[in-house]
Amino acid sequence: MTQATARPLTPYGFLLPALLVTATVILYPVAQTIVFSLQDYLLYAPDDARFVGARNFLAVLKDEVFWISLRHSAVWVGGIVFAQLALGLVAALLLNQSFWWRGLARALVIIPWALPSVIIGLMWTWIFDFNTGVLNDVLMRIGIIDQPQAWLAGPRSALACVMLALVWQGFPFFAIMILAGLQTVPKELYEAAEIDGASAFRQFVHVTAPAIAGIVATAVLLRIIWVANSLDVILVMTGGGPGYATHTLPLYAFLRAYSGMEFGYAAALALMLTVLLLAIVWLYVRRQAKELDA
Amino acid sequence: MKRRTFVKLAGASALAGGLSAPSIAQGVATVRWWYHYDNPQNTPAALVAKFEQANPGIKIQAEAIPWGGGTDYINRMFSSVVAGNQPDCAMVRLAYLSRFSQMRALEPLDGHLANWAGRSDISDDVWKLNRAPDGKQYYMPLHYVVIYLYYRQDLFQQAGLQPPKTFDEFLACAKALTKDGMFGYGMRGGGGCHDNWGPFVLGGGASFEKGGMVSAKALAANRFFVEFATKHKVVPPSAPTDAFRQIVDGFKAGRTAMTIHHIGSSAEMVAALGDKASAVPLPRGPGGGGWTYFGDESNAIFASSKVKEAAFRWISFLSGAGNVEQAQLSGQLPITTSGGRNWTGHPKRFVDASFASLPIAQTLPDHVKTPDFVGRVLPTNLQRALVGETNPDEVMKAVEQLFHG
C-alpha cells in the first residue's frame, strides 16, 4: 500500500479501537436485549426460551404498572432536571461572582456530585427516617409539624423525597457546566450593555442567557438521559415503594428482571424506555441542526 | 419440626471436618465461597485460617455478598450462574432450590455425604427438609433461625399485660401499648415483610396450595393483618416501608413495644435494652393454627466447580467442626445437635423462644416463583394495602395469581 492510498484510511484506523469498544459494550448488549424482548426468556430456564414475537410488548402495553411507572418517569425526569437546572444556574451565577472564599465554594459544591449514589440514598433515607431522621426533628423544633412524618412511606410524599435526593446529587453538574460557560462570555459585552443602560436582569437575558444556551441545552440533554435511566437512589431509598409510589420505568424493568427473572419481559420494558429517550435525542439533534443551518 | 429433632442426636461432628474427606490432588485448590452475615463487620477470617491450617492443600477465597433483604444476594447468585462466574460454593436457602434445579446449577452431595462422619450430628428431619424433589441432597445444612416475637418485658409488666398467645391478645396488647409516641407493634412492611405477614396470614389459615390465598379464612386473616395499620393504627406510619434496620432500631429506641424478628438481632436488642428485651413464640390464630418462618441456611456446591472435593471439605467443616463458630459469626443457631446442646451464643431466653417456635416453623414453598413473591409481589401489594391504596384482598389475589395463574 502506497502512502497515497494509506492516507485516506488513516482516520478509520484511529477510530477503529473506539468503534470496536462501542460495538462490544453497547451494540452487542443492545442487540441481545432486542433478541430477549422477542422471547419468553426466564433467567432460571434459559433453555426453555422460545420466540414470542411482539407478545412481550403487547403485554407491557396492557400492564397497569407500566403506565404508573411511565407517569412517574415523566414526573421524575421533568421535575429533577428542571430543579437541578434552576439550582445549578443560581449556584453558577453565585460562584461566578468575586468573593474571598470562591475557590473553597467551588470545591464544596462538587461534593454531592462526587458521592456514590448508594451513599446518597442511605444518607437521605436516614434524613427522612420516621424515628430518628433529622428532617422531622428540625421541622418539629421550628414548629412546622407537630408530630413526625413518615416521608418515605407516604404514597404522596415518597416520590418527591427521592427526587429531592437526586436533585441535591445532580445540581453541581449543571453548576459546573454553566460556570464554565459563564467564564467564556467576554467581559466587554457586559461593559457595553452597562454603558447602554441595561439592568442586571436585561444583561442576563440578552448577554448571559444566549452565551450559555448551547451548554445548557447539552447539559439538559445529558441529564435527561442519565436521570431517566437512574434507579440506584430509588432502589436504596424505597425499593420502588410504598406499593408502586416510586416505581419508574428502569426500576420496574430491573425488578421484573432480577426479582422475577423475566428477562424477556424486562427487555421489552427497557426497550420502550430506550425508544422514548431516542425520541428526545432526535428532537434535540433536529433542533441543533436547524440552528446550525440558520 | 420439634425441638428434640434438633437436640436428640449426639455426634462426633467436632471432629468430622477433617475425617473421611476425599483426598485433594497435589497443588493448592482455591475454593471461592460466597457468604453473608447479618452483621457485615463479622468476618470468617479466623475460621478460614483454622481450616487452611488443617488442610494445607486448600485455600478459601471467602467473598461477602450483601444480603439486601435477600434480594441482592439471590440476584447476584443467579446472575453469576447465567454468566458462568458462579463461586465454587455458597450459602443458599431452600426457597432457591427450584430455580437452581431448573438451571441444573448444583452438584448433588449424596456421594460425599455417604462417607461424611458428621452427617449423624445433624437431625434426620433437617436432612429431609433439605432434600430436593428429585430425592437428591444438594444442600449441606449450616445454621438456622426461627422468627419469633420480641417484646418489652418492662412495658408489659407496667401495663399488667402478658405476652400474647393468640391473635386477639396480640391486638389487645398492641392497642394498650400504643400511646405517648410509642406504637404497640413495629411492623415490617418493606423488604422481608413475609416474615411478619406469614405468622398472621398463613398462621390464620392461608396456604400456598391452589385457592389457598383466596379462601374466606385466608382473606379474613390478611384483612386482620392489614388493619393493624389501616384501622387500629398500632404500627408506626413508616411501617409500609420499614425493613430490618428500621424495625430493629425502632424497638431499640423505645418507639415500639413488640416487633417480629429472629435471634440474629438479639445481641443489639440486649445491648440497647438489657433485660427489658425478651422474646416468645408468635401468637396462634383463631383455630389454634400458627406459622412462623424457618430461616434455613445451607451451603451448596455448584456443578461448574473444578474443585468440588475441596469445596465439600470446606462446607463440611462449616457444618461440622466449625459450625459453632460459624453460627456465632452469623448470629444464628448451630445446626449440629452437639453444638445446639451446649450453645451459649445468645441469652437463654432467646434460644428458648427459638426452640419453642419450632412446632409452627415452616419454610416458604420450594417454587420458582418464591423469590419473586418475597422480592416484589408481596411487598408491593402489601404496601399498597397498608397505605390504603387498595383493598387488602388484592394482596391475596396477587399472591394466588403469582403461584397459580
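Just so you know, the residues in each chain are numbered from 1, in the order the chain's sequence is written. All chains are assigned letters beginning at A, and all ligands numbers beginning at 1, according to the order in which they are written. Note on the predicted model: pLDDT of at least 70 is required for a residue's local features to be given, and 80 or more for side-chain atom pairs to be given and counted; whole-chain, interface and lining totals, by contrast, use all residues.

*Asks:* What should I look at first to understand the overall build of chain A in this one?
*Replies:* Here a strand is any run of E in DSSP of at least two residues, a helix any run of H or I of at least four, and the numbering for each starts at the N terminus. Broken down by element type, chain A carries 14 helices and zero strands. Listed N to C, the secondary structure of chain A is α-α-α-α-α-α-α-α-α-α-α-α-α-α in terms of helices and strands. Taken against the 2.2 N^0.38 rule, which gives 19 Å for 294 residues, the C-alpha radius of gyration of chain A at 24 Å runs more than 25% over that of a compact globule. Overall, chain A is about 80 × 75 × 30 Å in size when its C-alpha atoms are taken along their principal axes. Using C-beta atoms placed from the backbone, we call a residue buried if 20 or more other C-beta atoms fall within 10 Å of its own, exposed if 12 or fewer do, and partly exposed for counts in between. Looking at chain A as a whole, 35% of its 294 residues qualify as buried. Remark: residues whose backbone-derived C-beta atoms lie within 7 Å of one another are considered to be in contact. Restricting the contact set of chain A to residue pairs at least 6 apart, pairs at least 24 apart contribute 70%. This radius of gyration counts C-alpha atoms alone. The globule rule is 2.2 Å times how many residues there are, raised to the power 0.38.

*Asks:* When you look at the packing of helix α9 (residues 158-182) of chain A against helix α11 (residues 200-229) of chain A in this model, what are you seeing that I'm missing?
*Replies:* Any two packed helices are characterised by the angle at which their axes cross and by the distance between the axes. Residues and elements named next belong to chain A. Axis definition: a line fit to C-alpha positions, over the contact stretch in the case of helices; interaxial angles, taken between N-to-C directions, run 0 to 180 degrees. One can describe the packing of α9 onto α11 by two numbers: an axis separation of 9 Å at closest approach and a directional angle of 150 degrees. On the basis of their axis angle, the class for α9 and α11 is roughly antiparallel. Seen from above, α9 lies across α11 with right-handed handedness. Where α9 abuts α11, its residues Leu166, Gly170, Phe173, Phe174, Met177, Ile178, Gly181 and Leu182 lie against Thr208, Ala211, Ile212, Ile215, Val216, Ala219, Arg223 and Val227. Of the residues belonging to the contact of α9 with α11, the class tally is twelve nonpolar, three polar and one charged. Small angles under 35 degrees read as roughly parallel and large ones over 145 as roughly antiparallel, with 65 to 115 read as roughly perpendicular and the rest as oblique. Throughout, a crossing is termed right-handed when the near helix is turned clockwise from the far one, and left-handed when it is turned anticlockwise from it by less than a right angle. Gly falls in the polar group here, along with every residue not listed as nonpolar (Ala, Val, Leu, Ile, Met, Phe, Trp, Tyr, Cys, Pro) or charged (Asp, Glu, Lys, Arg).

*Asks:* Quick question: what am I supposed to make of helix α10 (residues 194-201) of chain B here?
*Replies:* Spacing of three or four residues puts side chains on the same side of an α-helix, whose turn is 3.6 residues. Residue and element names in this part refer to chain B. In terms of burial, α10 is a largely internal element, eight of the eight residues being buried. Looking only at α10, the buried set comprises His194, Asp195, Asn196, Trp197, Gly198, Pro199, Phe200 and Val201. The secondary structure elements touched by the buried residues of α10 are α9 (167-177), α11 (216-230), β7 (256-261), β9 (292-301) and α18 (370-386).

*Asks:* Explain the interface of chain A and chain B to me, please; I cannot follow it from the model alone.
*Replies:* The figure often quoted for interface size is the accessible area lost as the parts come together. Between chain A and chain B, the contact holds 23 residues from the first and 30 residues from the second. When its residues are assigned to classes, the side of chain A that touches chain B shows 14 nonpolar, nine polar and no charged.

*Asks:* Looking at this structure, I do not really get the domain arrangement of chain B. What am I missing?
*Replies:* All names here are of chain B. One can read the domain layout of chain B as domain 1 (3-142 + 296-347) and domain 2 (148-281 + 369-404). Each of domain 1 and domain 2 has a C-alpha centre, and the two are 31 Å apart. Between domain 1 and domain 2, the contact holds 13 residues from the first and 13 residues from the second. The residue inventory of the side of domain 1 that touches domain 2, partitioned by class, reads five nonpolar, six polar and two charged. Each domain's limits were defined by an automated method or a database of domain assignments.

*Asks:* Any chance you could explain unusual backbone geometry here in plain terms?
*Replies:* Peptide bonds are mostly trans, and most non-glycine residues show a negative phi. With an omega of 0 degrees, the peptide bond running from Gly241(A) to Pro242(A) counts as cis. In this fold, Pro242(A) is placed in the loop between α12 (232-237) and α13 (249-258). With phi around 50 degrees, Arg104(B) is a residue other than glycine that occupies positive phi space. If you trace the backbone, Arg104(B) turns up in the loop between α5 (97-103) and α6 (110-114). Residue Arg104(B) is classed as exposed on the basis of its C-beta count, with 10 C-beta atoms lying within 10 Å. One non-glycine residue, Asp180(B), adopts positive backbone phi at about 55 degrees.

*Asks:* Explain the sheet that holds strand β5 (residues 148-152) of chain B here, please?
*Replies:* Pairing between the strands of a sheet comes from backbone hydrogen bonds, and it takes one of two forms, parallel or antiparallel. Residues and elements named next belong to chain B. Any two strands with at least two DSSP bridges between them are considered paired. With mixed pairing, the four strands of this open sheet are ordered in space as β6-β7-β5-β8. In this open sheet, the two strands that pair with only one neighbour each are β6 (183-186) and β8 (277-280). Averaged over neighbouring strand pairs, the angle between their axes works out to 25 degrees when direction is ignored.

*Asks:* Hey, could you run me through the environment of Pro286(B) in this one?
*Replies:* Residue and element names in this part refer to chain B. Inspection of the secondary structure assignment puts Pro286 in the loop between β8 and β9. We classify Pro286 as partly exposed; it has 15 C-beta atoms within 10 Å. Put simply, Pro286 and Gln246 are 40 residues apart on the chain and 30 Å apart in space, counted from C-alpha to C-alpha.

*Asks:* Would you explain the nonpolar core in this entry?
*Replies:* For soluble globular proteins, nonpolar side chains are generally found buried alongside one another. Counting 182 residues, the largest nonpolar core has Leu269(A), Val31(B), Cys89(B) and Trp314(B) as its most contacted members. Looking at which domains feed residues into this core, each of domain 1 (3-142 + 296-347) and domain 2 (148-281 + 369-404) of chain B supplies at least three. Not counting chain neighbours up to four residues away, the residues in contact with Leu269(A) comprise Val60(A), Phe66(A), Leu249(A), Tyr252(A), Ala253(A) and Arg256(A). For our purposes the nonpolar core covers buried Ala, Val, Leu, Ile, Met, Phe, Trp, Tyr and Cys residues that link as a set through C-beta atoms within 7 Å.

*Asks:* Looking at this model, I keep getting lost on the confidence of the model for chain A. Mind explaining?
*Replies:* When pLDDT drops low, the exact placement of atoms in the prediction is not to be read closely. A residue-level look at chain A finds 96% of positions with pLDDT of 70 or above and a mean pLDDT of 90. Of all helices and strands in chain A, the one with the weakest mean pLDDT is helix α1 (residues 3-6) of chain A (68), whereas helix α3 (residues 55-61) of chain A scores best (96). pLDDT is defined as a per-residue confidence score from the predictor, taking values between 0 and 100.

*Asks:* Looking at this model, I keep getting lost on the environment of His143(B). Mind explaining?
*Replies:* Tracing the sequence through the fold places His143(B) in strand β4 (residues 139-146). Discounting chain neighbours no more than four positions away, the residues touching His143(B) are Glu297(B), Gln326(B), Ala327(B), Ser330(B), Gln332(B), Leu333(B), Pro334(B) and Ile335(B).

*Asks:* Could you clarify how one ought to interpret the confidence of the model for chain B in this entry?
*Replies:* Residues and elements named next belong to chain B. Per-residue confidence for chain B gives a mean pLDDT of 90, with 93% of residues at or over 70. Throughout residues 1-25 the model reports pLDDT below 50, and contacts reaching past four residues in sequence, or to other chains, amount to 65 contacts. For this predicted complex, the interface score ipTM comes out at 0.82, while the overall pTM is 0.83.

*Asks:* Whenever I open this one, the packing of α11(B) against helix α19 (residues 393-404) of chain B confuses me. Can you help?
*Replies:* Residues and elements named next belong to chain B. Where α11 contacts α19, the axes come no closer than 8 Å and their chain directions differ by 125 degrees. Our classification of the angle between α11 and α19 gives oblique. The two elements α11 and α19 cross, and the hand of that crossing is right-handed. Taking contact as the criterion, the partners of Ala218, Leu219 and Asn222 in α11 are, on α19, Asp393, Val395 and Met396. Partitioned by chemical class, the residues of the contact of α11 with α19 number four nonpolar, one polar and one charged.

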